[in-house]
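Now for the letters of each chain:
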There are 4 protein chains.
Amino acid sequence: MNQFNVGILGATGAVGQKFVRLLKEHPWFTIRKLGASERSADQKYWEAVNWIEDVPLPQDIADIDVNRCEPDAFEEVDFVFSGLDSSVASEIEQNFAQSGIPVISNAKNYRMDDTVPLLIPEINPDHINLIRSQTFTEDHSGWIVTNPNCVCIPLTMALKPVYDQFGLEAVNLTSLQAVSGAGYPGVSSMDILGNVIPFINGEEGKIHLEPLKLLGKINEANSIDYAKFPIQATATRVPTINGHLLSITAKLSDMPSDIQEVKQAIRNWQSPIAELGLPTAPANPIKLFENDYYPQPRLHATTDNGMQLSMGRLRNSRVFDISFVALAHNTIRGAAGGAVLNAELLVKKGYLNNT
Amino acid sequence: MNQFNVGILGATGAVGQKFVRLLKEHPWFTIRKLGASERSADQKYWEAVNWIEDVPLPQDIADIDVNRCEPDAFEEVDFVFSGLDSSVASEIEQNFAQSGIPVISNAKNYRMDDTVPLLIPEINPDHINLIRSQTFTEDHSGWIVTNPNCVCIPLTMALKPVYDQFGLEAVNLTSLQAVSGAGYPGVSSMDILGNVIPFINGEEGKIHLEPLKLLGKINEANSIDYAKFPIQATATRVPTINGHLLSITAKLSDMPSDIQEVKQAIRNWQSPIAELGLPTAPANPIKLFENDYYPQPRLHATTDNGMQLSMGRLRNSRVFDISFVALAHNTIRGAAGGAVLNAELLVKKGYLNNT
Amino acid sequence: MNQFNVGILGATGAVGQKFVRLLKEHPWFTIRKLGASERSADQKYWEAVNWIEDVPLPQDIADIDVNRCEPDAFEEVDFVFSGLDSSVASEIEQNFAQSGIPVISNAKNYRMDDTVPLLIPEINPDHINLIRSQTFTEDHSGWIVTNPNCVCIPLTMALKPVYDQFGLEAVNLTSLQAVSGAGYPGVSSMDILGNVIPFINGEEGKIHLEPLKLLGKINEANSIDYAKFPIQATATRVPTINGHLLSITAKLSDMPSDIQEVKQAIRNWQSPIAELGLPTAPANPIKLFENDYYPQPRLHATTDNGMQLSMGRLRNSRVFDISFVALAHNTIRGAAGGAVLNAELLVKKGYLNNT
Amino acid sequence: MNQFNVGILGATGAVGQKFVRLLKEHPWFTIRKLGASERSADQKYWEAVNWIEDVPLPQDIADIDVNRCEPDAFEEVDFVFSGLDSSVASEIEQNFAQSGIPVISNAKNYRMDDTVPLLIPEINPDHINLIRSQTFTEDHSGWIVTNPNCVCIPLTMALKPVYDQFGLEAVNLTSLQAVSGAGYPGVSSMDILGNVIPFINGEEGKIHLEPLKLLGKINEANSIDYAKFPIQATATRVPTINGHLLSITAKLSDMPSDIQEVKQAIRNWQSPIAELGLPTAPANPIKLFENDYYPQPRLHATTDNGMQLSMGRLRNSRVFDISFVALAHNTIRGAAGGAVLNAELLVKKGYLNNT
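Keep in mind it's a predicted model, so treat the numbers as computed, not measured. (Residues numbered from 1 in each chain as written. Chains lettered and ligands numbered in written order. Predicted model: local features only at pLDDT ≥ 70, side-chain atom pairs only at ≥ 80, totals over all residues.)

Each helix and strand in chain A was counted, giving eleven helices and 14 strands. Here the C-alpha radius of gyration of chain A, 20 Å, is about what a compact globule of 355 residues would show, namely 20 Å. Across the 355 residues in chain A, those meeting the buried criterion constitute 59%. Excluding contacts between residues fewer than 6 apart, the proportion of contacts in chain A whose partners are at least 24 apart in sequence is 75%. (Helix = DSSP H or I, 4+ residues; strand = E, 2+ residues; numbered from the N terminus. Rg over C-alpha atoms; globule rule 2.2 N^0.38 Å. Buried ≥ 20, exposed ≤ 12 C-beta atoms within 10 Å, placed from the backbone. Contact = placed C-beta atoms within 7 Å.)

Before going further, it helps to examine the sheet that holds strand β13 (residues 309–316) of chain B. Sheets are built from strands paired through backbone hydrogen bonds, the pairs being either parallel or antiparallel. All names here are of chain B. Across the sheet, six strands lie side by side as β10-β7-β11-β14-β13-β12; this open sheet has mixed pairing. Both edges of this open sheet fall to β10 (231–237) and β12 (286–288), since each of them pairs with a single strand only. Taking each pair of neighbouring strands and ignoring which way they run, the sheet shows an average axis angle of 20°. Here seven bridges tie strand β11 (residues 244–252) to strand β14 (residues 322–328), and the two strands are oriented antiparallel to one another. Bridged to Ala 250 within β14 is Ile 322. The sheet strands contacting helix α5 (residues 152–166) are β7 (168–177), β11, β12, β13 and β14, and the helix crosses β11 at an angle near 25°. (Pairing = 2+ DSSP bridges. Axes fitted to C-alpha atoms, helices over the stretch in contact; angles between N-to-C directions.)

On to the sheet that holds strand β4 (residues 79–82) of chain D. Residues and elements named next belong to chain D. With parallel pairing, the six strands of this open sheet are ordered in space as β3-β2-β1-β4-β5-β6. The sheet terminates laterally at β3 (66–68) and β6 (144–146), the two strands that pair on one side only. Across the sheet, the axes of successive neighbouring strands diverge by a mean angle of 30°, strand direction being ignored. One ladder, built from six bridges, connects strand β1 (residues 4–9) with strand β2 (residues 29–36); its direction is parallel. Note on β2: the bridge partner recorded for Gly 7 is Lys 33. Strands in contact with helix α4 (residues 86–98) are β1, β4, β5 (103–105) and β6; relative to β5, the strand with the most contacts, it is inclined by about 150°. Where helix α11 (residues 332–348) meets the sheet, its contacts fall on β4, β5 and β6, and the angle it forms with β5 comes to roughly 145°.

A few words now on the pairing of strand β13 (residues 309–316) of chain A. In summary, the side chains of a regular strand alternate between the two faces of the sheet. Residue and element names in this part refer to chain A. Taken across its eight residues, β13 has six buried, putting it largely inside the fold. As paired strands, β13 and strand β14 (residues 322–328) are joined by five bridges and run antiparallel to one another. In the sheet register, Arg 315 faces β14, and the bridge partner there is Ser 323.

Here we come to the interface of chain A and chain B. At the interface, 36 residues of chain A touch 36 residues of chain B. Mapped onto the side of chain A that touches chain B, the elements with two or more residues apiece are β7 (168–177), β10 (231–237), β11 (244–252), α9 (297–300), β13 and β14 of chain A. Across the side of chain A that touches chain B, the residue classes break down as 17 nonpolar, 15 polar and four charged. (Nonpolar A, V, L, I, M, F, W, Y, C, P; charged D, E, K, R; others polar.)

Val 80 of chain A, Val 80 of chain B, Val 80 of chain C together with Val 80 of chain D are the most contacted members of the largest nonpolar core, which has 452 residues in total. Setting aside anything within four residues of it in sequence, one finds Val 80 of chain B in contact with Val 6, Gly 7, Ile 8, Leu 9, Phe 74, Phe 96, Ile 101 and Val 103 of chain B. (Core = buried A, V, L, I, M, F, W, Y, C linked by C-beta atoms within 7 Å.)

In an α-helix, one turn spans 3.6 residues, which is why side chains three or four residues apart end up on the same side. All names here are of chain B. When you tally the buried positions in helix α1 (residues 14–24), you get nine out of eleven residues, the bulk of the element. When we look at burial in α1, the residues that qualify are Ala 14, Val 15, Gly 16, Gln 17, Lys 18, Phe 19, Val 20, Arg 21 and Leu 22. Buried-residue contacts for α1 involve β1 (4–9), β2 (29–36), α3 (59–62), β4 (79–82) and α11 (332–348).

Another point: the environment of Leu 314 of chain D. All names here are of chain D. Checked against the element boundaries, Leu 314 lands in strand β13 (residues 309–316). A tally of 21 C-beta atoms within 10 Å means that Leu 314 is categorised as buried. Each C-alpha atom, one on Leu 314 and one on Ile 153, is 19 Å from the other, the two residues being 161 residues apart in sequence. With residues near it in sequence (within four places) discarded, Leu 314 still touches Ile 259, Val 262, Lys 263, Leu 288, Ile 322 and Phe 324.

It is worth spelling out the relation of the copies chain A and chain B at this point. Of the two same-sequence chains, chain A is brought onto chain B (RMSD 0.0 Å, axial shift 0.0 Å) by a rotation of 180°. Put plainly, the chains are arranged around a two-fold axis. Most of the interface of chain A is mirrored in chain B, where 100% of its interface residues again form contacts. (Least-squares fit on C-alpha atoms with pLDDT ≥ 70 in both.)

Moving on, we get to the interface of chain B and chain C. On the chain C side, the residues contacting the 15 residues of chain B number 15 residues. For the side of chain B that touches chain C, the per-class residue count stands at ten nonpolar, five polar and no charged.

Let's shift gears to the relation of the copies chain B and chain C. Both copies of the chain are tied together by a single rotation about an axis and a shift running along it. When chain B is fitted to chain C, the residual RMSD is 0.0 Å, and the transformation amounts to a turn of 180° plus an axial shift of 0.0 Å. Of the interface residues in chain B, 100% have counterparts in chain C that sit at the interface too, so the contact is made through matching surfaces.

This prediction gives chain A a mean pLDDT of 97; 100% of its residues lie at or above 70. We note a pTM of 0.97 for the whole complex and an ipTM of 0.96 for its interfaces. (pLDDT = per-residue confidence, 0-100.)

Okay, the packing of helix α5 (residues 152–166) of chain A against helix α8 (residues 259–268) of chain A next. All names here are of chain A. The N-to-C vectors of α5 and α8 enclose an angle of 115°; their axes lie 9 Å apart at closest approach. For the crossing formed where α5 meets α8, the hand is right-handed. In this structure, α5 uses Pro 161, Val 162 and Gln 165 to contact α8, whose residues at the interface are Val 262, Ala 265 and Ile 266. Classifying every residue of the contact of α5 with α8 gives five nonpolar, one polar and no charged. (Left-handed = near helix turned anticlockwise from the far one by under 90°.)

Bringing the domain arrangement of chain A into the picture now. All names here are of chain A. In terms of domain boundaries, chain A breaks down into domain 1 (4–149 + 336–348) and domain 2 (152–329). Distance between the C-alpha centres of domain 1 and domain 2: 24 Å. With 33 residues of domain 1 at the interface, the matching set in domain 2 holds 29 residues. Of the residues in the side of domain 1 that touches domain 2, the class split is 15 nonpolar, ten polar and eight charged. (Domains from an automatic or database assignment.)

What follows covers unusual backbone geometry. At the junction of Tyr 294 of chain B and Pro 295 of chain B, the peptide bond is cis and its omega measures out at -5° in the coordinates. In this structure, Pro 295 of chain B sits in the loop between β12 and α9 (297–300). One non-glycine residue with positive phi stands out, namely Asp 42 of chain C, at about 70°.

Once that is clear, we can look at the environment of Leu 214 of chain B. Residue and element names in this part refer to chain B. Counting through the fold element by element, Leu 214 comes out in helix α7 (residues 203–214). With 13 residues separating them along the chain, Leu 214 and Asn 201 place their C-alpha atoms 22 Å apart. Those residues in contact with Leu 214 that sit more than four places away from it in its chain are Leu 118, Ile 120, Ile 123, Asn 124, Pro 148, Cys 152 and Thr 156.

A packed helix pair is summarised by two numbers, namely the angle formed by the two axes and the spacing between the axes. All names here are of chain D. One can describe the packing of helix α1 (residues 14–24) onto α11 by two numbers: an axis separation of 9 Å at closest approach and a directional angle of 50°. The angle between the axes of α1 and α11 places the two elements in the oblique class. For α1 against α11, the interelement crossing comes out right-handed. Only Ile 332, Ala 335, Ala 336, Gly 337 and Val 340 of α11 make contact with α1, whose side of the interface consists of Val 15, Lys 18, Phe 19, Leu 22 and Leu 23. Partitioning the contact of α1 with α11 into residue classes produces eight nonpolar, one polar and one charged. (Parallel < 35°, antiparallel > 145°, perpendicular 65-115°, else oblique.)

Let us now look at the environment of Ile 259 of chain C. All names here are of chain C. On the secondary structure map, Ile 259 appears in helix α8 (residues 259–268). Since 15 C-beta atoms lie within 10 Å of it, Ile 259 is described here as partly exposed. As for Ile 259 and Gln 270, which are separated by eleven residues in sequence, their C-alpha atoms are 19 Å apart. Discounting chain neighbours no more than four positions away, the residues touching Ile 259 are Leu 314, Arg 315 and Asn 316.

What follows is the structure in structure tokens.
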């Protein structure tokens, strides 16, 4: 039934490799095409890639010929995943969409575009309706859907139950981000071994905006009314491999009677896609720990195949109302895994068709 | 002139070793006695200590006989530095003070005591007047002075110029703390290699209170009127060796015209002890970087012999008024070095006498 | 058929936790009893354990009552796995064996005992015959089988194909060992972050001896004729979590015509247990890489569920004959996983009976 | 007297920065010119450099204009230090030598050239006589002297006392090398955090050869008779910042009566330059520890300003004769500091003249 031929754009990069790993075992999606830059094209994938995943590169994928990221070379696929670098994603993704090939993208380029869904299936599944406003092709066969920045995904998932029940007036956070978020080779070991870098170029601007689109409401004109509260972020890099940890303090609109009521709101929160049977959807999208020492990147980033959001340390705050920490695997839930889940939702909702 | 014989209590611990290292080259203070627990007593220091400093253990110190932490064994010293564990500091430090031996302590036990100065010489030098209210001995020969927690020192130093000029309404922070803050053996490598721990037991309570005493005013009754603003802290452990980095957001009482005015307040701030010629006082107590990637623990924790406070990323905040980061060496400025500077101030102010 | 009730001794330690994790999903073995020290006994497992595995503690195991390590409390199990600390393993394991409860042990205490198999199923499966010489019980119902030290397992597996085809005259190695090999809390983060320690207490003596027993031949008197060649080891600790890497140089008895012949010997080597269908046996027990940068702990320690031995950099040596590196997961292949595989072999060979 | 104007080629790289740091405080040498690639030229040094040293960039150096690495731009210097990348060092260093500007180089390009001294002042100071055979200029005013690879320096220093007294038949070693050895940005954090890489491209070939030139004797024809014994190296990268640790096993020509005799040979060894008063010469060039856990990169790499060679674990070996470990700071003793010491020797020996 749900068998699709897929391509991966930017297949040799860190996110591209994660797509390969996740899709290799996927029950619906079969990798047919791999796209990369001119330098890699016309090589076998194993020749072009510096494989950094901690599982062996599957032999059948290793032997695929890498193509340039041009729609002509991807005609046989039903859609593509894009792990393209933002320096090239704008043009390439547009080319694919205009050629009638849907693009499920992890790149930042179209995230804030009015007609492009910025999608977390558990948070704003109805935003996929924006696709109908896209005009890449006359017949709506080609379009783009994006997933948020790797901090914005755990941040927004953590805020959602609170926002729904109590409203939000202000959010302040410090992120402790893993090096895999910078791609490969990314952060120099000279910079980060036994060190912390208190700034990540371009990151905070995304954190200030993307959650407001994600928590926004789709209106009658099929556009998004953004959520309205200020977010202040300090993005830091720490010497962890995977898993972005966020330390968050929030001011609520309506006061809970006590902290237990906030905990209940989080624990009672129901994923709107729980019943859809999406293969990549985590069994427990949000886990709230009581152990003060949890969550930790090494222990909890890979829970539920790296798709679970972990929360902890939820408590009253002397400043604002509540403080807590949140953690998610930045290259799975926060990137490739999030994109795969997006594709699964789009299949279920009838936006993706196999041929 | 200023030659003093000093003892070190808790000399085999991590802070005790830092005292040894700092005092070995000190122009005023000469190590005469080393105190440790019963297990170490009656050994040579080199037998009792697992030396973890990255300079060789000085041979003359290595050969000192370790004593129990009893005042009788320290009669020949003018005062003692205490790097004692809090589990034993209360009784031992009291014993020394009652025996007429001043105690310059890094332990937390007496920090919040009404008559005990919690001292950072550049911040609240006048608080040493509290000593006069101490009653350990009739002749005031024995007393206790403490330095703050290793987060509270950089936090308060960073807040001081802002507090003086604009006032503070609220402070929210996340600390990224080095493993040396937990002593030795302290944090298990299994817990922290490539990981972050979002909680440090007992730490946040100190951060919520100590800065308010430090920024408080000594009143006519010779007690402290605490500063009054809420502080909310999330203390995390990261895999760095030395240097606690703080990500801080603050609400001001009086609005600066722009961020430049805040920067000027910090850069124009004058240390009240600049003219005293204290050997351990840093040439530049506060350094404010413009480079967004600074300060970093590996690059800046040891500036000015580990006594400088580094600040950076000062900017307007979408939540509250200003956000910035601050960094200091936790076992030098934040512990042993801070205590040595305290002793130097107390010498200059006539509280310590050599015999 | 092969359903067994098992107990775990030392269940709260690092190796004990790995046993819990591996056995939780095991098709033959069901955890019925958990044993630990007096301090942990009479608590639920979740209360007694500081869980450090990167998967959630299974709820049904969490709720098991922890027992003292006394045979009376383990009567309902068919056998026990021992992750006991060597300081207590001698007496406890003997007690269990004498009570008729077979012990599959990871502890070092009985490894070099003449009648105790030191077992790697792929290397010396016939050594299990030593069990018949054990006299813990008259009816041979109680006995002890051990797995080797976590360096000796990859070392001996790597040497085996070479030893069989060319013989060995001398082996020199340096190990780069992960911190998990020291248990929990084990190595202090202050000692190992950004550092190397050139010595591991007690380790080199095991490396010098255990491989000679493992490669020894069982003789007509049902004892082991040890292999005879000198091994020289330098054991170092490096800041990795899992995976011991060995740098090995070996002198051969018979000269291969070229290095390809050595590679062929390794690649053609056949596991003697390949046909037994043991659940924990890796599909490819030995993998020899051609990529000079492989194997690496982070990338390859977990291949084949952590049970594969990875080799690389095989080349002629200017000193002796061949140099190469070898890697295995120290707490799976090198400890708990090795013990589970031992148990599986003993089931297949009829030494373990379910009741 | 000994005041010299110096230039630094490759000044923005990791080694170049170390030259800046070491020379800033040098009593004889004053930095006058900084050279870098075209990309950096015509900028102020602070604009061109990504400063990674853990001390502040000195303000007067920060303001120097960076030049292209062309002799015309360096006319006012007495000689240059070269931290050039090997991809450009051959031509640039030759240009300088031919222009009559002596080059003290850390690059590998000319190390094995018959007329170029490969120099460690404590090991082979007489090799500087090779300079007389160089023909870059007719008047011998321009020439090149090199320092060895960062592993070869500690290796050869450690071997020297043993070689002199007992002779060497074979040496086998595994190096555990810090990331700073790869320059900046060098090793990706994704590759090395919590990991080991068992290969360093191009490294082992140098280790096999350079020590034989260093231990060689200058003959009547003013060329070097190389030492003759095989060296086998496995070079690995570990997650340390500074300090290469070597695990070495050696076969001796003449058998010592016992291991104490070897220890005495090392401890009695006298540096041939001890009396020259070179500012960068360490007080104790070789330190042999008895503590099995020493030396360690974090604790001992910076001893004697990073110029000391540390040894430890010296013991009889079951294979060959002796095993031991050695450690030196790879970017100070093993690179820039070694080059500065070379220059100091050349000053004392009259090869460098100030104008």
